[in-house]
Amino acid sequence: MVNANLFRAKMVLAGYSQRKLAEAMDMAENTLGSKINGHGYFNTAQAVKLCELLHITDDSEKCQIFLA
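What counts and what doesn't
Residues numbered from 1 in each chain as written. Predicted model: local features only at pLDDT ≥ 70, side-chain atom pairs only at ≥ 80, totals over all residues. Heavy atoms only, no water. Salt bridge = Lys/Arg side-chain N within 4 Å of Asp/Glu carboxyl O. Helix = DSSP H or I, 4+ residues; strand = E, 2+ residues; numbered from the N terminus. Buried < 20%, exposed > 50% of the residue type's maximum accessible area, 1.4 Å probe, protein only. Lys, Arg positive; Asp, Glu negative; His and termini not counted. Polar contact = N/O pair within 3.5 Å; in protein donor to acceptor, adjacent residues only side chain to side chain.

(A) Representation of the pattern of salt bridges in the model. Under the criterion given, the structure shown has four salt bridges. Among the salt bridges present, the one from arginine 19 reaches glutamate 29, with a minimum N-O distance of 3.4 Å. Of the two residues, arginine 19 sits in helix 2 (residues 18–24) while glutamate 29 sits in helix 3 (residues 29–36), which places them ten residues apart along the sequence. On the basis of relative accessibility, which here comes to 30%, the residue glutamate 29 falls in the partly exposed class.

This is the structure:
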């Protein structure tokens, strides 16, 4: 399950809206929102791409966000 608050904070800090991040991920906005809210999971490839887009490089931070 994703730490939604921390994820959204990182998204805003990186300059993304949910719509723009979904577009960058080639994903429907509703799908991204569902995964952020715990109604689905990001696969490994998606988590890696999200970390790249949101400039998340610290492994402990990745764990806090994606392994909440």
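(B) Geometry of the side chain of lysine 35. Here lysine 35 is to be found in helix 3. In this structure, lysine 35 is buried with no salt-bridge partner, the nearest side chain bearing the opposite charge being aspartate 26 at 12 Å. Within the structure, lysine 35 has its side chain in polar contact with the backbone oxygen of tyrosine 41 (distance 3.3 Å).

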